[in-house]
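Listed below, chain by chain, are the residues.
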Amino acid sequence: MDGRASTTVDGHDEVVARVWDVIREDAREDVARVELGVHVADEGMVVEERDMAGREHSVLKLTSHGSKLKNFLEGQMPEEVAGIVREFHLLVFFGCSLTMLDAPLLSTFIERWHPETSTFHLPFGEMTVTLDDVSVLLHLPIASTFFTPVHKDHATAVQMVRDALEVDELVVLKEFGDIRGFHLGMSWLRNINQQLVDAGRYEVSSRAYMLHLVACTLFADKSAYYIDVRYLTLFSDLDTPCWAWRVVALTMLYTALDAASRPDTR
């Protein structure tokens, strides 16, 4: 992360340390200067704030799925599942979702994000996150197929879940009815995955696991309870794990920062 290019020169650690010192000090000054209230809820953190101009911002909800990731499996991940997840280059995400969030620090970053330039405007200048940064942190591939999620009609969504997770159509219809949309409840998916593991159906279980994994990390949103089924198309063919995850990660980060920086975002 730097003023448009990644900091990979000598003395990188010292530069990063100085940058974080400035950012944290800036965050502490903001907390002292603005009205900031934080309380912890079951699904995450909620931050209410005013910016430096005194304008009220909508309540900002910060949600962490770290505990959901750790509790998705009952016991250790089967090696057969881990092997498929590893081939998709997604195993790194298992340990990258935090269970505790620094709300003032995150609010400081969001307040200084400018969507028109995709940069943070900080006291010492502009900085951004690059593909190189994503590579250094997560070691994700870039030279692969780009993914564009496609919205499905009801019949297609039902068939997609039925085929990918090998569950009865009536079970899928009931879940869609309970959730009221083309979504799967996280607890429902967890139960289905455990049934698949117990039956030794590891390839199908890997689809359920990877769907939950990307929904809690790459495609995480403000929902703490359900997952969009359109991401199942990423794992319909287990023989071609060829998605450009590095581009996906950076695109989703920019999209989330753009949304969070708007005053009316909750």
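Residues numbered from 1 in each chain as written. Predicted model: local features only at pLDDT ≥ 70, side-chain atom pairs only at ≥ 80, totals over all residues. Heavy atoms only, no water.

1. Some details on the packing of aromatic side chains
Here comes step 1: Per the stated rule, a full pass over the model turns up 8 aromatic pairs.
Here comes step 2: Ring geometry for Phe109 versus Phe120: centroids 5.0 Å apart, planes at 70°, classification edge-to-face. Of the two residues, Phe109 sits in helix α4 (residues 103–111) while Phe120 sits in strand β5 (residues 119–122), which places them 11 residues apart along the sequence. Exposure class is identical for Phe109 and Phe120. Each is buried.
Here comes step 3: Judged by centre distance (5.4 Å) and plane angle (50°), the ring pair of Trp113 and Tyr254 falls under tilted. (Phe/Tyr/Trp six-rings, centres within 6.5 Å; stacked < 30°, edge-to-face > 60°. Helix = DSSP H or I, 4+ residues; strand = E, 2+ residues; numbered from the N terminus. Buried < 20%, exposed > 50% of the residue type's maximum accessible area, 1.4 Å probe, protein only.)

2. Observations regarding helix α3 (residues 79–87)
Here comes step 1: Every buried residue belonging to α3 is among Val81, Ala82, Ile84 and Val85, and all of these are buried. Down the axis of α3, the buried side of the element spans an arc of 165°, and every buried residue falls inside it.
Here comes step 2: Contacts made by the buried residues of α3 are with α9 (202–216).
Here comes step 3: Just downstream of α3 lies His89, where phi reads positive at about 60°. (Arc of directions from axis to C-beta. Contact = heavy atoms within 4.5 Å.)

3. Comments concerning the pattern of salt bridges
Here comes step 1: Under the criterion given, the structure shown has 7 salt bridges.
Here comes step 2: Two residues, Arg201 and Glu166, come together in a salt bridge whose shortest N-O distance is 2.8 Å. With Arg201 in the loop between α8 (186–198) and α9 and Glu166 in the loop between α6 (154–165) and α7 (169–179), this pair connects stretches of sequence that are 35 residues apart.
Here comes step 3: Owing to a relative accessible area of 33%, Arg201 belongs among the partly exposed residues under this scheme.
Here comes step 4: On the basis of relative accessibility, which here comes to 43%, the residue Glu166 falls in the partly exposed class.
Here comes step 5: Between Asp178 and Lys174 there is a salt bridge whose closest N-O contact spans 2.9 Å. Residue Asp178 and its partner Lys174 are both found in helix α7; the two are separated by 4 residues, about one turn of the helix.
Here comes step 6: Residue Asp178 is classed as partly exposed on the basis of its relative accessible area of 49%.
Here comes step 7: Its relative accessible area of 54% is what places Lys174 among the exposed residues. (Salt bridge = Lys/Arg side-chain N within 4 Å of Asp/Glu carboxyl O.)

4. Considering the nonpolar core
Across soluble globular proteins, nonpolar side chains show a tendency to be buried alongside one another.
Here comes step 1: Counting residues in hydrophobic clusters, the biggest one holds 64 residues, and the most contacted among them are Leu90 and Val161.
Here comes step 2: For this core, the element with the most residues is α9, which contributes 9 residues. (Core = buried A, V, L, I, M, F, W, Y, C linked by side-chain atoms within 4.5 Å.)

5. Quick word on the sheet that holds strand β4 (residues 113–114)
Here comes step 1: In spatial order, the strands read β4-β5-β6; together these 3 strands make up an open sheet with antiparallel pairing. Whereas interior strands pair on both sides, the edge strands pair on one side only; in this sheet they are β4 and β6 (125–127).
Here comes step 2: As defined by bridge partners, β4 adjoins β5 across 2 bridges and the pair is classed as antiparallel. Considered in β5, the bridge of His114 is made with Thr119. (Pairing = 2+ DSSP bridges.)

6. Considerations on the pairing of β5
Here comes step 1: With antiparallel pairing between neighbouring strands as the criterion, β4 and β5 make up a hairpin whose turn holds 4 residues, including Ser118 at a positive phi of roughly 55°.
Here comes step 2: The turn joining β5 and β6, which pair antiparallel and follow one another in sequence, is formed by 2 residues.

7. Some thoughts on the side chain of Thr217
Here comes step 1: Turning to its location among the elements, Thr217 is positioned in the loop between α9 and β8 (226–228).
Here comes step 2: Looking at Thr217, its side chain comes within polar contact range of the main-chain oxygen of Leu213, at 2.6 Å. (Polar contact = N/O pair within 3.5 Å; in protein donor to acceptor, adjacent residues only side chain to side chain.)

8. Quick look at the environment of Ala155
Here comes step 1: On the secondary structure map, Ala155 appears in helix α6.
Here comes step 2: Along the sequence, Ala155 and Leu173 sit 18 residues apart, while their C-alpha atoms lie 9.8 Å from each other.

9. Quick look at α6
Here comes step 1: Spanning 12 residues, α6 covers 17 Å between terminal C-alpha atoms, matching the ideal 16 Å at 1.5 Å per step.
Here comes step 2: Of all the residues in α6, the buried ones are Ala157, Val158, Met160, Val161, Ala164 and Leu165. Seen end-on, α6 carries its buried residues on one side only, within an arc spanning 160°.
Here comes step 3: Here the buried face of α6 lies against α7, β7 (183–185), α8 and α9.
Here comes step 4: Capping of α6 at its N-terminal end is provided by Asp153; its side-chain oxygen lies 3.2 Å from the backbone amide nitrogen of Ala155.
Here comes step 5: Trailing α6 by a residue or two, Glu166 shows a phi angle of about 55°, which is positive. (Expected span 1.5 Å × (residues − 1).)

Note that all results are geometric; they support no functional claim without further evidence.
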